[in-house]
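An overview of the molecular structure
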Amino acid sequence: MLSNASVWPSPPPYSLVGKHGVSPETRHDERARFNFLAQLNAHLAANILPGNARAYETRAKPIFEREHQRAPQDRHEVRRAMLKDPHFQMWSALRRSSMELRQQAGRELVLRQLGQINRNAAALNADSPRLKLDPNFEAPTYLTKVDHHCMPGGYFTELAADDVSAAANYDVGIFATTAGGLGRYNDGAGHAVSGWLKAHYPNFKPKRVLDLGCGLGHSLLPVAQAYPEAEFVALDAAAPLLRFAHARAKSMGVHNITFVEANAENVPEADASFDLIFTTMFLHETSNKAIRRVLAETHRLSKTGSLIIHLEQPQFAGLSPYEQFMRDWDALYNNEPFWTGMHDMDMDALLEEAGFDRQKIFIDKADAVVDEEIFGKPKAQVEDYGRKASWHLFGVIK
Ligand SMILES: C[S@@+](CC[C@H](N)C(=O)[O-])C[C@H]1O[C@@H](n2cnc3c(N)ncnc32)[C@H](O)[C@@H]1O
């Protein structure tokens, strides 16, 4: 098969992206740029990416085998072989460039209206008991020292008082990077989690729920809406994201969440105080030491019988050296320094080390659930190593 275009849905137009109370305004040319980037990302995934496997099998691997009289044995050897291949060089450069372009496109339009976006957020956040920021909080350096996924200034840069520009940029551009794969409100992962919970635990009625590393609340809101009687605590280390997340949730009519600025390694909540703790696309942004502390916190904070759920891209164990090499791309070229470290870990061993019973660990798959009126019925997507809106959902019952 030369192309995967038939199974990769064409991204919907940017004009269909869901709006809320802190959405940046976009002009015609800005929407056109995001449309171009969404189409470019879909084209890269459907038509250019598959050429890497052919380049490996027909060029890079035979060359390696001639030189070493054996096949590449791990992702490092695959990388050494592939770095010289022109097809991989082209795909990798385009994928990196599309991310840089998205970030700069988002930053430009956010800076143009910085004052207005910050005023919109401030009006929604004023005197709210549901936004708990700590002016003395110090975020961990594994977060502050990195511009994750090439975000200019990372999660923490503040250009004005009560700034939300980092979050506004993240929000306005993620649709382009995912080619719409997370849905209208970029909340397909949250719907995947709430759908999984309803399917597997139809009678579950959590009273208190904790989301660690909530970010802008994209994945949080569908879970909070699925359990309107429950009290949610959403924790993140980045104040600009929390201001935005609180304002966004309020403007979307979701009122059962308290947003807290704190470190997930040291959560300011009592022992055994949550029935459900979940994380989405979070563990890979911590660190080798921090992930152990975070998992230990989930053990301390949960009750006997509580559910702990994590959503991430698949672990590397059991994947071919070629697939591991492809999945390593985000660590090397997308400013995700702990990406491969985390995906290489033995999660069962880590959960056991954190105090959980190995027998009560589970793992499943979860695909993004997106708005059918825009995207149509879900089709099988091609693999886009690290980008596909399809995850491993794993966790444990305490
Ligand atoms: C990729 S984002 C995912 C956000 C959100 N869960 C989602 O699904 O859209 C990861 C988030 O984890 C947060 N984070 C990473 N390490 C943290 C820590 N130690 N304590 C609190 N938040 C942390 C980052 O600030 C960032 O907002």
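Reading the values: the criteria
- Residues numbered from 1 in each chain as written.
- Predicted model: local features only at pLDDT ≥ 70, side-chain atom pairs only at ≥ 80, totals over all residues.
- Heavy atoms only, no water.
- Near = heavy atom within 4 Å.
- Polar contact = N/O pair within 3.5 Å; in protein donor to acceptor, adjacent residues only side chain to side chain.
- Areas by Shrake-Rupley, 256 points an atom, 1.4 Å probe, with all protein chains shown as cover.
- Core = buried A, V, L, I, M, F, W, Y, C linked by side-chain atoms within 4.5 Å.
- Buried < 20%, exposed > 50% of the residue type's maximum accessible area, 1.4 Å probe, protein only.
- Helix = DSSP H or I, 4+ residues; strand = E, 2+ residues; numbered from the N terminus.
- Contact = heavy atoms within 4.5 Å.
- Phe/Tyr/Trp six-rings, centres within 6.5 Å; stacked < 30°, edge-to-face > 60°.
- Axes fitted to C-alpha atoms, helices over the stretch in contact; angles between N-to-C directions.
- Parallel < 35°, antiparallel > 145°, perpendicular 65-115°, else oblique.
- Left-handed = near helix turned anticlockwise from the far one by under 90°.
- Pairing = 2+ DSSP bridges.

Our next topic: the site of the ligand. As a structural note, the neighbourhood of the ligand is formed by 22 residues, with Y142, G213, S219, D236 and T280 the closest of them. One nitrogen or oxygen atom from the main chain of A237 is found 3.2 Å from a nitrogen atom belonging to the ligand. One of the side-chain nitrogen or oxygen atoms of T280 is found 2.8 Å away from an oxygen atom of the ligand. Protein chains shield 97% of the accessible area of the ligand, which is 590 Å² for the free molecule.

Let us now look at the nonpolar core. Counting 83 residues, the largest nonpolar core has M82, L197, L220, F232, I257 and F259 as the members making the most contacts within it. Broken down by element, the residue count for this core peaks at eight residues, all from helix α7 (residues 165-177). Once residues within four sequence positions are removed from consideration, F259 is found in contact with R130, L131, K132, C214, L220, A234, L242, A245, H246 and A249. If you look at the next biggest cluster of nonpolar residues, it comprises 28 residues, including L235, I308, F338 and A354.

Another point: the packing of aromatic side chains. Under the definition given, this model contains 13 aromatic pairs. Judged by centre distance (6.0 Å) and plane angle (50°), the ring pair of W196 and Y201 falls under tilted. We classify W196 as buried; its relative accessible area is 8%. The partly exposed category is assigned to Y201, whose relative accessible area is 27%.

Moving on to the packing of helix α2 (residues 50-68) against helix α4 (residues 86-112). Between α2 and α4, the least distance of the axes is 9 Å, while the angle of their chain directions is 160°. Taken together, α2 and α4 sit at an angle that is classed as roughly antiparallel. Viewed along their axes, α2 and α4 form a crossing whose handedness is left-handed. Across the interface between the two elements, G51, N52, A55 and R59 of α2 pack against H87, F88 and W91 of α4.

Turning our eyes to something else, we now look at the environment of Q359. Summarising the element assignment, Q359 is placed in the loop between α15 (347-353) and β7 (361-367). For Q359, a relative accessible area of 69% gives the class exposed. Through-space distance from the C-alpha of Q359 to that of I174 is 37 Å; in sequence the pair is 185 residues apart.

Now for the pairing of strand β8 (residues 390-397). β8 sits mainly inside the fold: seven of its eight residues count as buried. Note: strand β6 (residues 302-312) against β8, six bridges, orientation antiparallel. Its bridge partner lying in β8, E312 is registered against H392. Inspection of the sheet shows β7 paired to β8 by seven bridges, in the antiparallel sense. Of the residues in β8, the one forming a bridge with I363 is F394.

Turning to the side chain of N256, a few remarks are in order. Tracing the backbone through its elements, the reader meets N256 in the loop between α10 (239-251) and β4 (257-261). At 3.2 Å, the side chain of N256 and the backbone oxygen of A230 are in polar contact. Residue contacts for N256: discarding those within four places in its chain leaves R130, A224, Y227, P228, A230, E231 and F232.

When you line up the elements, V172 lands in helix α7. The class of V172 is buried, set by a relative accessible area of 4%. Separated by 149 residues in sequence, V172 and S23 place their C-alpha atoms 7.3 Å apart. Look past the residues within four positions of V172 in its chain and what remains in contact with it is Y14, P24, T26, F34, G106 and L109.

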